[in-house]
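Secondary and tertiary structure notes
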Amino acid sequence: MTPPLLGGVEEVASSASLLASSTSVESVCENGSAELKERNYMGLSDSSSSGDSSAISAVTGESKTSLNLKATELRLGLPGSQSPERNSDLCLFASTQLDEKPLFPLHPVNDNHGSSMPKNLLLGNKRGFSDAMDGFSEDKFTSESEVNAMLSPRSSQNLGLKPGSILENLSSQPVKAKELVGQKPAQERPLVSSDPRSNNRSSANNSTVPATKAQVVGWPPIRSFRKNSLATLSKNTEEVDGKAGASALYVKISMDGAPYLRKVDLRNYSAYKELSLALEKMFSCFTIGQCGSHGTSGREMLTESKLKDLLHGSEYVLTYEDKDGDWMLVGDVPWEMFIETCKRMRIMKGSDAIGLAPRAVEKSRNKN
Amino acid sequence: MNYFPDEVLEHIFDFVGSHKDRNSVSQVCKLWYRIESYSRQTVFVGNCYAIGPERVAERFSGLKSITLKGKPHFADFNLVPPDWGGFVYPWIEAFARSRVGLEELRLKRMVVSDESLELLSRSFPNFKSLVLVSCEGFTTDGLAAVAAYCRQLKELDLQENDVEDHRGHWLSCFPESSTSLVSLNFACLKGDINLPALERLVARSPNLKSLRLSRAVPLDVLQRILIRAPQLLDLGVGSYLHDPDSENYNKLVTAIQKCKSVRSLSGFLDVAPHCLSAFHIICPNLTSLNLSYAPGIYDNELIKLIRHCHKLQRLWILDCIGDKGLEVVASTCKDLEELRVFPSDPYVGQAAVTEEGLVAISRGCQKLNSILYFCQQMTNAALITVAKNCPNFVRFRLCILDPTKPDAVTQQPLDEGFGAIVQACKGLKRLSLSGLLTDQVFLYIGMYAEQLEMLSIAFAGDSDKGMQYVLKGCKKLRKLEIRDSPFGNAALLMDVAKYETMRSLWMSSCEVTLGGCKALAKRMPGLNVEIINENDQMEFVGGCDDDRQKVEKMYLYRTLAGQRRDAPEFVWTL
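What you are looking at is a predicted structure, and each value in this text was computed from that prediction instead of being measured.

1. Quick look at the overall build of chain A
- Along the backbone of chain A there are nine helices and five strands.
- Its helices and strands taken in sequence order, chain A reads α-α-α-α-α-β-β-α-α-β-β-α-β-α from the N to the C terminus.
- Counting across all 368 residues of chain A, residues that qualify as buried make up 55%.

2. Brief notes about the overall build of chain B
- Each helix and strand counted, chain B has 19 helices and 23 strands in total.
- For chain B, the residues scored as buried account for 62% of the 574 residues in total.
- Long-range contacts, defined here as pairs at least 24 residues apart, represent 71% of the contacts in chain B between residues at least 6 apart.
- Total accessible area computed for chain B in this model is approximately 21600 Å², and 50% of it derives from carbon and sulfur atoms.

3. Some remarks on the pattern of salt bridges
Residue and element names in this part refer to chain B.
- Counted by the stated rule, this structure contains 27 salt bridges over all chains.
- Between Lys-550 and Glu-511 there is a salt bridge, and its shortest N-O distance comes to 3.5 Å. With Lys-550 in the loop between β21 (527–532) and β22 (553–558) and Glu-511 in the loop between β20 (504–508) and α19 (514–523), the pair connects residues that are 39 residues apart, well separated along the chain.
- We classify Lys-550 as buried; its relative accessible area is 15%.

4. Overview of the packing of aromatic side chains
All names here are of chain B.
- Tallying each qualifying case throughout the model produces 24 aromatic pairs over all chains.
- With a centroid separation of 5.1 Å and an interplanar angle of 75 degrees, the aromatic rings of Phe-393 and Phe-396 are classed as edge-to-face. You'll find Phe-393 and Phe-396 in the same group, each marked buried.
- Ring pairs connect the aromatic residues Tyr-49, Phe-74, Phe-77, Trp-84, Trp-506, Tyr-555 and Tyr-557, which therefore count as one cluster.
- Sitting over the ring of Tyr-49, Arg-564 keeps its end group 4.5 Å from the ring centre.

5. Digging into the packing of helix α13 (residues 355–364) of chain B against helix α14 (residues 380–389) of chain B
Residue and element names in this part refer to chain B.
- Where α13 contacts α14, the axes come no closer than 9 Å and their chain directions differ by 15 degrees. Taken together, α13 and α14 sit at an angle that is classed as roughly parallel. Handedness of the α13/α14 crossing: left-handed. Residues Glu-355, Leu-358, Val-359, Ser-362 and Arg-363 of α13 touch α14, and the partners they reach there are Ala-382, Leu-383, Thr-385, Val-386 and Asn-389.
- Residue composition of the contact of α13 with α14, grouped by class: five nonpolar, three polar and two charged.

6. Digging into the packing of α14 of chain B against helix α15 (residues 415–424) of chain B
Residues and elements named next belong to chain B.
- Here α14 crosses α15 at 10 degrees, and the two axes come no closer than 7 Å. Classed by the angle they form, the pair α14 and α15 counts as roughly parallel. Residues Asn-380, Leu-383, Ile-384, Val-386 and Ala-387 of α14 pack against Asp-415, Glu-416, Gly-417, Phe-418, Ala-420, Ile-421 and Ala-424 of α15.
- Taken together, the residues of the contact of α14 with α15 break down into eight nonpolar, two polar and two charged.

7. As for the sheet that holds strand β2 (residues 262–265) of chain A
Residue and element names in this part refer to chain A.
- Taken in spatial order, the five strands line up as β2-β1-β5-β3-β4 in an open sheet, and their pairing is mixed. Of all strands in the sheet, those bounded by a partner on one side alone are β2 and β4 (327–329). Neighbouring strand axes in the sheet, compared pairwise and without regard to direction, differ in orientation by 35 degrees on average.
- Relative to strand β5 (residues 344–349), strand β1 (residues 250–255) runs parallel, the two sharing four bridges. Bridging across to β5, Ser-254 finds its partner in Arg-346.

8. As for the state of the cysteines
All names here are of chain B.
- Applying the stated criterion across every chain, the model contains zero disulfides over all chains.
- No disulfide involves Cys-188; its nearest neighbouring cysteine sulfur is the one of Cys-135, lying 9.8 Å away.
- Among the residues examined, Cys-188 registers a relative accessible area of 4% and is labelled buried.

9. As for the side chain of Ser-205 of chain B
- If you trace the backbone, Ser-205 of chain B turns up in the loop between α8 (195–203) and β9 (210–212).
- Excluding residues within four positions of it along the chain, Ser-205 of chain B makes contact with Thr-179, Leu-181 and Gln-231 of chain B.

10. Thoughts on the environment of Thr-573 of chain B
Residues and elements named next belong to chain B.
- Tracing the backbone shows Thr-573 in strand β23 (residues 571–573).
- We classify Thr-573 as buried; its relative accessible area is 16%.
- Distance from Thr-573 to Tyr-555, taken between C-alpha atoms, is 9.5 Å for residues 18 residues apart in sequence.
- The residues contacting Thr-573, other than those within four sequence positions of it, are Asn-528, Val-529, Glu-530 and Gln-563.

11. Thoughts on a negative patch on the surface
- Taken together, Glu-115, Glu-118, Asp-141 and Glu-164 of chain B make up a surface patch of like negative charges.
- Its place among the elements puts Glu-118 of chain B in helix α6 (residues 114–123).

12. Quick notes on the confidence of the model for chain A
- Counting all residues, the mean pLDDT for chain A is 52, and 24% of those residues have values of 70 or more.
- Note on residues 80–213 of chain A: pLDDT under 50 across the span, and 418 contacts to partners over four residues away in sequence or across chains.

13. Details of unusual backbone geometry
- A cis amide bond links Trp-219 of chain A to the next residue, Pro-220 of chain A, at an omega of -5 degrees.
- Checked against the element boundaries, Pro-220 of chain A lands in the loop between α4 (188–202) and α5 (224–240).
- In the Ramachandran plot, Ser-134 of chain B falls in the positive-phi region, its phi being about 55 degrees despite a non-glycine side chain.
- Take Ser-134 of chain B: it is sitting in the loop between β4 (129–133) and β5 (136–139).
- A positive phi angle is found at Phe-459 of chain B, which is not glycine, with a value near 55 degrees.

14. So, the pairing of strand β19 (residues 479–483) of chain B
Residue and element names in this part refer to chain B.
- Taken across its five residues, β19 has five buried, putting it largely inside the fold.
- Both strand β18 (residues 454–458) and β19 contribute to a ladder of five bridges, which runs parallel. The partner of Ser-456 across the bridge, within β19, is Glu-481.
- In this view, the connection linking β18 to its parallel neighbour β19 by way of helix α17 (residues 464–473) has right-handed handedness.
- Both β19 and β20 contribute to a ladder of five bridges, which runs parallel. Each bridged residue has a counterpart across the sheet, and for Lys-479 the counterpart in β20 is Ser-504.

15. Considerations on the pairing of β1 of chain A
All names here are of chain A.
- Pairing analysis gives four bridges linking β1 to β2, with the strands arranged antiparallel. In the sheet register, Lys-252 faces β2, and the bridge partner there is Lys-263.
- If you look at the hairpin formed by β1 and β2, you'll find six residues sitting between the two strands, and Gly-257 has a positive phi there, around 95 degrees.

16. Let's talk about the environment of Ser-129 of chain B
All names here are of chain B.
- You can see Ser-129 is positioned in strand β4.
- Along the chain, Ser-129 and Glu-155 lie 26 residues apart, while their C-alpha atoms are 4.5 Å from each other.
- With near-sequence residues (within four places) excluded, Ser-129 lies in contact with Glu-103, Glu-104, Leu-105, Leu-153 and Glu-155.
- Polar side-chain contacts of Ser-129 include one of 2.7 Å to the side chain of Glu-155.

17. With respect to helix α10 (residues 247–258) of chain B
All names here are of chain B.
- Taking 1.5 Å per residue as the helical rise, α10 with its 12 residues ought to reach 16 Å, and the 17 Å between its terminal C-alpha atoms agrees with that figure.
- If you check which residues of α10 are buried, you get Tyr-249, Leu-252, Ala-255 and Ile-256. The buried residues of α10 all sit within an arc of 120 degrees when viewed along its axis, so they share a single face. The exposed residues of α10 that point more than 90 degrees off its buried face are Glu-247 and Lys-258.
- Those residues of α10 that are buried are in contact with α9 (219–228) and β10 (234–240).

18. Structural notes on the confidence of the model for chain B
- Within chain B, residue pLDDT values average 91, and 95% of them lie at 70 or more.
- Interface confidence for the predicted complex, given as ipTM, is 0.88, next to a pTM of 0.66.

Conventions and cut-offs
Residues numbered from 1 in each chain as written. Chains lettered and ligands numbered in written order. Predicted model: local features only at pLDDT ≥ 70, side-chain atom pairs only at ≥ 80, totals over all residues. Heavy atoms only, no water. Helix = DSSP H or I, 4+ residues; strand = E, 2+ residues; numbered from the N terminus. Buried < 20%, exposed > 50% of the residue type's maximum accessible area, 1.4 Å probe, protein only. Contact = heavy atoms within 4.5 Å. Areas by Shrake-Rupley, 256 points an atom, 1.4 Å probe, with all protein chains shown as cover. Salt bridge = Lys/Arg side-chain N within 4 Å of Asp/Glu carboxyl O. Phe/Tyr/Trp six-rings, centres within 6.5 Å; stacked < 30°, edge-to-face > 60°. Lys NZ or Arg CZ within 6 Å of the ring centre and 35° of its normal. Axes fitted to C-alpha atoms, helices over the stretch in contact; angles between N-to-C directions. Parallel < 35°, antiparallel > 145°, perpendicular 65-115°, else oblique. Left-handed = near helix turned anticlockwise from the far one by under 90°. Nonpolar A, V, L, I, M, F, W, Y, C, P; charged D, E, K, R; others polar. Pairing = 2+ DSSP bridges. Disulfide = S-S within 2.5 Å. Patch = residues over 30% accessible without salt bridge, like charges linked within 9 Å, V, L, I, M, F, W, Y side chains within 5 Å. Lys, Arg positive; Asp, Glu negative; His and termini not counted. Charge placed at Lys NZ, Arg CZ, Asp CG, Glu CD. pLDDT = per-residue confidence, 0-100. Right-handed = clockwise from strand over helix to strand, strands pointing away. Polar contact = N/O pair within 3.5 Å; in protein donor to acceptor, adjacent residues only side chain to side chain. Expected span 1.5 Å × (residues − 1). Arc of directions from axis to C-beta.

As structure tokens, then:
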């Protein structure tokens, strides 16, 4: 069961030019007050940080001209927060929860009456850069907010060091308007340091593999000893218990030309078709880049069929490395056997795959 | 009473066990103070900075056992920087100097160095028992010193400590003549263990009642140990990886059958997910079961095991047991008093239990008085039902993984649910809140939670009023810890004298400002008001700016020892 995301808003990814993300989120801003403003990464919205707003941003139908840089955003959601694709829950929820408290404000939230700058609430998005700049001058306390501390895997040290300054409290007055997130908290320093990784996070918009969950410092309140132990233990158990049983079977997937690899849990799928669809979605961002660079309608919305064509065309071939260390073509053996023998996968350029198929076919013939 | 000789009074005081009662006794008159002080053997110091060790040694000249707690509770969750403090060395040194006849040392959340362990082992010839919970700073070398030099050691209990493993042979440092061991728990150690030394140690310890092994102890060694020590009451299995068809496994089954006395079972740190059935035979005797470190056990295996545990009083498990599993617990474990359900995947943030599991438990386990429950969601209706079914809660800790999640059905705040809990459970001493909460819940807490001693608040409340309700209403409050809630100076300064009736107050990511903290410190010299200023967030400038400068982390506590001298740079005591 997917937990509904409380009060979260992801930015709308409209016509993705550079980076395709899947379905965009539209969170409806019902409160028509001036507090709800659109924001985006570049702060291109015209409702810039005015003094009275309580930094709600409802992002509706983002202008087509703005670059969707959502994919490059560092997502900082609470544990349990979803990546932008799970939109329907989000939308419904968002529209009915006007009075909900913000889940996880990065900065103190101001009411209409506050004269200080609009505080920005975090829920998985960063604040527009210009907003961040505005925020800096007025709010000295948060000028160095280390929101970045929450990005999980490498942040285990950060968690200890960086304070919960990120987790600033709500304003003392009840917040009336719904606090949606669109603002990204100022992250100058963290941005710099995390740039190489931000791209990794960006394609965390995938629906099959859970996005790297950001963490709130010290939440959930479990002793760090226990947290660390469980992390190690479950990892070990996975390794030990590769077969029979319900544990996950993660394999790495690389794609030629992509800057980083992905991992999928093969147990999530029951057939090749599902896997293939998932991989298409996962690696679409890279293919689009290719598409653009090859001159084919760079700014068009990339449809799934086009993607399929791309992948099923002579462009790419899906291969895997089996237990013997040989590279095989995916699809030859029954799914169950595939799961058991597959150690990792590679999406090869068609040109590289020449000669692979016949050998693979021969090998599986020998096996059978 | 004044006409009784001192010895009679002393004898009468022997029957007064609890610290609170003894503290009360000591306040009756000077005579009673004097007698109670020299006759008290077990001393409890809830905050190691509240008093200096010399003063403790001086007052309690008959001291044999001391319990010390160091860091604030939220240090467990990485909210306190590592060098904050809580060093045990000054205590051991002072006691050694004062020639205290120390026999037992119990520490929680303290920094224990190898030097302190060595000093400890050499300074107290009658030393018998060392219990370290959530401590850090020592290595297996320190343990080796304890093993080697504490000739009368009965108990070495290491719970959830962060120990640097030097792969030394600390276990072989127990002298061959040492036969006094009653309790040995090294489950938290991560490194290799000298297995033959362990077996020999167990073999020569006829009084061994409690043994908790680490992951480094494989199944065959466990089997041999069980043969040697069938008298065990408390067993912590280390590694439980095996092949169910093997010879070793059959031997294990035989060995377990002989352990009729085992009442408490834990561990399974490395576990093959099936075949816990070897332990089914001892399950009917178990009163305590802790499988919270065994994520590899499947829920159906867990359930099969639990079906045999009719006498269970204490259960710690992972949420992979699911709501259905909790229903089985509810129908099987009628004597259950304490339940803890931990999330099996704390990073992903999805728990496999919901309010249904909790309600099922409350229906089946009428004796339940202590719960720690990590769940995916909760509803007011469920909490109200639980309150009705189980009015005996002494500790109630609920953690919804999404910290401001409202009622999953009505989307309302969970004020009413928690309100029902505090209203029904008249004996509630400890409460942890989570979920979407407004000031209303604090109004209820202030009104009803008369016995409440410890309250943990996170991401809750709307205004200063919330905290004010609590401070006004909870007369017995001792520890209050708050994070990420909108309470500011007005609440902090409302009743400054109250803090001297409490052990400590923690506030982080709230609205209190430096000005407020300074004002408090000025009015209450009997408190240490510490500001934890990591990464130079704040500048210690005077003037009106203080009122705009929010304090990220504040920890205040009453103390007779004045400002502590071991505070690191980033801690300012105002």
